[in-house]
There are 2 protein chains.
Amino acid sequence: MSLLSGLWSPEIIWSLSKGARRFSEIRRNIPGISAKVLTGRLRDLERRGVLSRSVIPTSPPTVEYELTSLGEELLPAIQSIVEVGTRLILRDRQLHDSDVPLKPD
Amino acid sequence: MSLLSGLWSPEIIWSLSKGARRFSEIRRNIPGISAKVLTGRLRDLERRGVLSRSVIPTSPPTVEYELTSLGEELLPAIQSIVEVGTRLILRDRQLHDSDVPLKPD
DNA sequence: CCGTATCCAAAGAGATACTG
DNA sequence: CAGTATCTCTTTGGATACGG
């Protein structure tokens, strides 16, 4: 299960679902993540074989991250967890709303 | 994603996949988990709506934990993550074995 | 642009002892 | 049986500053 460990790993994997992305693109894509944490998570996911890192020797250097085929296999799992979570949130909101109904405007 | 947060939560959910279990049954089922951690995770998962806790007033008391319907929806996701992880481990072992081949007995 | 270094705080988890 | 109470250690993450 450590494949998805870390607060941001699922979002990082998700942000690579549509193809290779650069460091700064991923960072912009995930509001709130710091460079340090993003670097740490990317290194961890690389070591585990979930994504690959390739440096293109331009100036300044370009670094691209891409899911491996095994990384891509995690996408459906992430999606279904997010779906369950969304339903839980909606259900909670409904329970709360029925306690305190909105007055019609 | 916090639905699966905590080192042991996926295993706890998994151990309830075949129906309701008592505290001590879950604990026996998951070697290495302490009572404190199990209690903490169960409370967390209950609060999030993944499982339910019911006390049967016998003496000594019986406490049963059971997945909610939303909890059950997490099972396929857990299974597919475990499958990817297993393939990663097997692939790594293969790579390592090809470096240091076993000598035929 | 793509990071590393440092320091700090908070959360999880392990071990152990104790309880209604 | 099914927990709670401590205490300690480690891991993560946030903030900030700096570097090739």
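All values reported here derive from a predicted model rather than from experimental measurement.

1. A closer look at the protein's contact with DNA strand D
And step 1. A:Leu7, A:Lys36, B:Ser24, B:Arg53 and B:Tyr65 are the nearest of the 18 residues found near DNA strand D.
And step 2. When the atoms of DNA strand D within 4 Å of the protein are grouped by moiety, sugar and phosphate amount to 73% of the total.
And step 3. Measuring from a phosphate oxygen of DNA strand D, one finds a side-chain N or O atom of A:Trp8 at 3.1 Å.
And step 4. Between a base oxygen of DNA strand D and a side-chain N or O atom of A:Lys36, the distance comes to 2.3 Å.
And step 5. Listed by contribution, the elements that provide at least two residues to the surface near DNA strand D are helix 3 (35–47) of chain A together with helix 2 (23–29), helix 3 (35–47) and strand 3 (62–67) of chain B.

2. Describing the interface of chain A and chain B
And step 1. Counting residues at the interface gives 19 residues for chain A, matched by 19 residues for chain B.
And step 2. Across the interface of chain A and chain B, roughly 1,800 Å² is buried in total on both sides, 79% from carbon and sulfur atoms.
And step 3. For chain A, the biggest contributors to the area lost against chain B are A:Met1, A:Leu70 and A:Ile81; these three give 35% of the whole.
And step 4. Between the two partners, chain A and chain B, sit two salt bridges.
And step 5. Residues B:Arg87 and A:Glu73 are paired through a salt bridge, measuring 1.9 Å at the closest nitrogen-oxygen approach.
And step 6. Between chain A and chain B we count two residue pairs in polar contact (both at pLDDT 80 or more) in total.
And step 7. Considering every element that reaches the side of chain A that touches chain B, the biggest residue donor is helix 5 (residues 75–99) of chain A, with 10 residues.
And step 8. The residue makeup of the side of chain A that touches chain B, split by class, is 12 nonpolar, three polar and four charged.

3. Quick look at the nonpolar core
And step 1. Membership of the largest hydrophobic core comes to 50 residues, with the highest contact counts inside it found for A:Ile12, A:Ile13, A:Leu74, B:Ile12, B:Ile13 and B:Leu74.
And step 2. Elements supplying a minimum of two residues to this core: helix 1 (9–15), helix 3, strand 3 (62–67) and helix 5 of chain A together with helix 1 (9–15), helix 3, strand 3 and helix 5 (75–99) of chain B.
And step 3. Not counting residues within four places of it along the chain, the set of residues in contact with A:Leu74 comprises A:Leu3, A:Leu4, A:Ile13, A:Val50, B:Ile81 and B:Val84.

4. Looking at the relation of the copies chain A and chain B
And step 1. If you rotate chain A by 180 degrees and push it 0.0 Å along the axis, it lands on chain B with an RMSD of 0.0 Å. The transformation relating the two chain copies, once decomposed into turn and shift, fits a two-fold axis. When C-alpha positions in chain A are compared against the rotation axis, the closest is assigned to A:Ala77, at 2.2 Å.
And step 2. The fraction of interface residues of chain A whose copies in chain B are also interface residues reaches 100%, indicating that both copies meet through the same surface.

What counts, and at which threshold
- Residues numbered from 1 in each chain as written.
- Chains lettered and ligands numbered in written order.
- Predicted model: local features only at pLDDT ≥ 70, side-chain atom pairs only at ≥ 80, totals over all residues.
- Heavy atoms only, no water.
- Near = heavy atom within 4 Å.
- Polar contact = N/O pair within 3.5 Å; in protein donor to acceptor, adjacent residues only side chain to side chain.
- Helix = DSSP H or I, 4+ residues; strand = E, 2+ residues; numbered from the N terminus.
- Contact = heavy atoms within 4.5 Å.
- Buried area = accessible area lost by both parts, 1.4 Å probe.
- Salt bridge = Lys/Arg side-chain N within 4 Å of Asp/Glu carboxyl O.
- Nonpolar A, V, L, I, M, F, W, Y, C, P; charged D, E, K, R; others polar.
- Core = buried A, V, L, I, M, F, W, Y, C linked by side-chain atoms within 4.5 Å.
- Buried < 20%, exposed > 50% of the residue type's maximum accessible area, 1.4 Å probe, protein only.
- Least-squares fit on C-alpha atoms with pLDDT ≥ 70 in both.

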